[in-house]
Amino acid sequence: MNWSGLESLVSGVNKYSTAFGRIWLSMVFVFRVLVFVVAAQRVWGDENKDFVCNTKQPGCTNVCYDHIFPISHIRLWALQLIFVTCPSLMVMAHVKYREGKDKKYVELHQGSHLYANPGKKRGGLWWTYLLSLVFKAGFDTSFLYILYRIYHGYDLPKLSKCSLDPCPNTVDCFISRPTEKKIFMLFMVVSSALCIFMCIMEMMYLIGKRIIKVLRIQHNNERLTFANHQESATVVPHQSQNLTIAV
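Residue numbers restart at each chain and count upward from 1, following the sequence in its written direction. In keeping with the predicted nature of the model, local features appear solely for residues at pLDDT of at least 70, side-chain atom pairs appear and are counted solely at 80 or more, and the whole-chain, interface and lining totals rest on all residues. Think of the side-chain values as coming from all heavy atoms in the structure, minus any hydrogens and water.

1. Remarks on the pairing of strand β3 (residues 171–174)
Being paired, for any two strands, means DSSP has found at least two bridges between them. Numbered from the N terminus, helices here are DSSP runs of H or I no shorter than four residues, and strands are runs of E no shorter than two. Here strand β1 (residues 52–53) runs beside β3; their pairing, made up of two bridges, is antiparallel. Following the sheet pairing, V52 is matched in β3 by F174. Relative to β3, strand β2 (residues 159–162) is paired through four bridges, and the arrangement is antiparallel. Following the sheet pairing, K161 is matched in β3 by D172.

2. As for the pattern of salt bridges
Counted as salt bridges are all cases of a side-chain nitrogen of Lys or Arg within 4 Å of a carboxyl oxygen of Asp or Glu. Using the criterion set out here, one finds five salt bridges in the structure. As a salt-bridge pair, K96 and E99 come within 3.8 Å of each other at their nearest N and O atoms. In this pair, K96 and E99 both sit in helix α5 (residues 87–108), three residues apart, roughly one turn of the helix. Relative accessible area decides the class of each residue, using a 1.4 Å probe on protein chains only: under 20% of the type maximum gives buried, over 50% gives exposed, and in between gives partly exposed. Overall, E99 belongs to the partly exposed group, its relative accessible area being 33%. Between R177 and E180 there is a salt bridge, and its shortest N-O distance comes to 3.4 Å. Accessibility expressed as a relative area gives 36% for R177, which makes it partly exposed. With relative accessibility at 32%, the residue E180 sits in the partly exposed group.

3. Regarding the state of the cysteines
In this description, a disulfide is simply a cysteine sulfur pair whose atoms lie within 2.5 Å. This structure, assessed with the given rule, holds three disulfides. A disulfide bridge connects C53 with C173, and the sulfur atoms are separated by 2.0 Å. Taking the torsion about the sulfur-sulfur bond, which here is approximately 105 degrees, the covalent link between C53 and C173 counts as right-handed. In this pair, C53 sits in strand β1 while C173 sits in strand β3, placing the two residues 120 residues apart along the sequence. For the pair formed by C53 and C173, the shared burial category is buried.

4. Notes on the sheet that holds β3
Each strand in a sheet pairs with another by means of backbone hydrogen bonds, the pair being arranged parallel or else antiparallel. What the three strands build is an open sheet, ordered β1-β3-β2; its pairing is antiparallel. Only two strands of the sheet have a single neighbouring strand rather than two, namely β1 and β2. Note on contacts: a residue pair qualifies if any of its non-hydrogen atoms lie within 4.5 Å across the two residues. What counts as an axis is a line fitted to C-alpha atoms, over the stretch in contact for a helix, and the angles between N-to-C directions run from 0 to 180 degrees. In this fold helix α3 (residues 60–68) packs onto β1, β2 and β3, with an angle of close to 65 degrees to the strand it touches most, β3.

5. Some thoughts on the nonpolar core
F51, C64, F69 and W77 are the most contacted members of the largest nonpolar core, which has 56 residues in total. Elements with a contribution of two residues or more to this core: α2 (19–43), α3, α4 (73–85), α5, α6 (124–150), β3 and α7 (178–246). When sequence neighbours within four positions are dropped, the list of residues in contact with C64 reads F51, C53, C162, C167, V171 and C173. For our purposes a nonpolar core is just a set of buried Ala, Val, Leu, Ile, Met, Phe, Trp, Tyr and Cys residues, chained together by side-chain atoms within 4.5 Å.

6. Points about the packing of α5 against α6
One way to put it is that α5 packs onto α6 with a least axis distance of 8 Å and a crossing angle of 165 degrees. By the angle between their directions, the pair α5 and α6 is classed as roughly antiparallel. Where α5 crosses over α6, the handedness of that crossing is right-handed. Residues P87, S88, M90, V91, H94, V95 and R98 of α5 touch α6, and the partners they reach there are G124, L125, T128, Y129, L131, S132, F135, K136 and F139. Considered class by class, the residues forming the contact of α5 with α6 number nine nonpolar, five polar and two charged. Comment on the angle field: the value is read as roughly parallel under 35 degrees, roughly antiparallel over 145, roughly perpendicular from 65 to 115, and oblique elsewhere. By definition, turning the near helix anticlockwise from the far helix through less than a right angle yields a left-handed crossing, and turning it clockwise yields a right-handed one. As a working rule, the residues Ala, Val, Leu, Ile, Met, Phe, Trp, Tyr, Cys and Pro are called nonpolar, Asp, Glu, Lys and Arg charged, and the rest polar, with Gly in that last group.

7. Side note on the packing of α4 against α6
Relative orientation of the contacting elements α4 and α6 amounts to 165 degrees, with a least axis distance of 9 Å. Relative to α6, the element α4 lies roughly antiparallel. Here the hand of the crossing between α4 and α6 comes out right-handed. On the side of α4, the interface is formed by H73, L76, W77, L79, Q80, F83 and V84, while α6 contributes K136, F139, D140, F143 and L147. Here the contact of α4 with α6 is composed, by residue class, of eight nonpolar, two polar and two charged.

8. Quick word on a nonpolar patch on the surface
Only residues whose relative accessible area exceeds 30% and that take part in no salt bridge are eligible for patches, with like-charged residues grouped when within 9 Å of each other and nonpolar side chains (Val, Leu, Ile, Met, Phe, Trp, Tyr) grouped when within 5 Å. Per-residue accessibility takes into account occlusion by the displayed protein chains alone, with areas from the Shrake-Rupley method and a 1.4 Å probe. On the surface, V30, F31, L34, V37, V38 and F187 cluster together into a nonpolar patch covering about 490 Å² of accessible area. Tracing the backbone shows V38 in helix α2. Classification of V38 by relative accessible area gives partly exposed; the value is 46%.

9. What to know about the UniProt feature "transmembrane region" (unreviewed entry) in the protein chain
UniProt positions are given in the numbering used here, feature names are shortened, and annotations may be inferred rather than shown by experiment. With numbering aligned to this structure, UniProt lists the feature "transmembrane region" (unreviewed entry) at residues 23–44, 76–95, 126–148 and 183–207. Each end of residues 76–95 is marked by a C-alpha atom, and these two atoms are 31 Å apart; helix forms 95% of the span and strand 0%. Between the end C-alpha atoms of residues 183–207 there is a gap of 36 Å, over a span that is 100% helix and 0% strand.

Structure below.
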């Protein structure tokens, strides 16, 4: 798979991201994609070839391998990276939609713009950005749960016992380089957890910033209303005094 193409595509959302979003993107492509491409594929490339069971019964080794490894780590991580990075494209698509809408508006209204900055997170784009964060954190959490359920708490035992048909009895099966593979699996799990944490922090930042902005607007409106009332209360006595003098 051409990961560099995906990186260049997703990196375009960087200019619309907060500082947390830029850190998240750096973590994904440095600690996950780069490690996946350079090291993890080589470590897990021999999982089927070097999986050995102490039996010569035809089909037993294949059945035990399928039982111990229901899904390949490499394919699961590749699928996870695709799902996690795709929500960022929602933001880019929304910005492109705004830019196209603004371009049509400029043509119809002789140079006046509909959006001062189409990439500014306001209105619908704010909700799209927040929803993309929810999706990213949700996908990462789901894949971590799937990995936890399949491999019984992110564990890779050196010895696995299998008694499935067509094995004649309970046989011992051995995984190639289980310690190294477990270290890489834990590294990918920790990096995924850190990405989830960054998504949660960015969501809290966006929501907190929006709440502060709304409270500030309400406070300014209250001050303006109070000032208007004070001005009205000052004008009314003066008018009453002028009427008295005229009488």
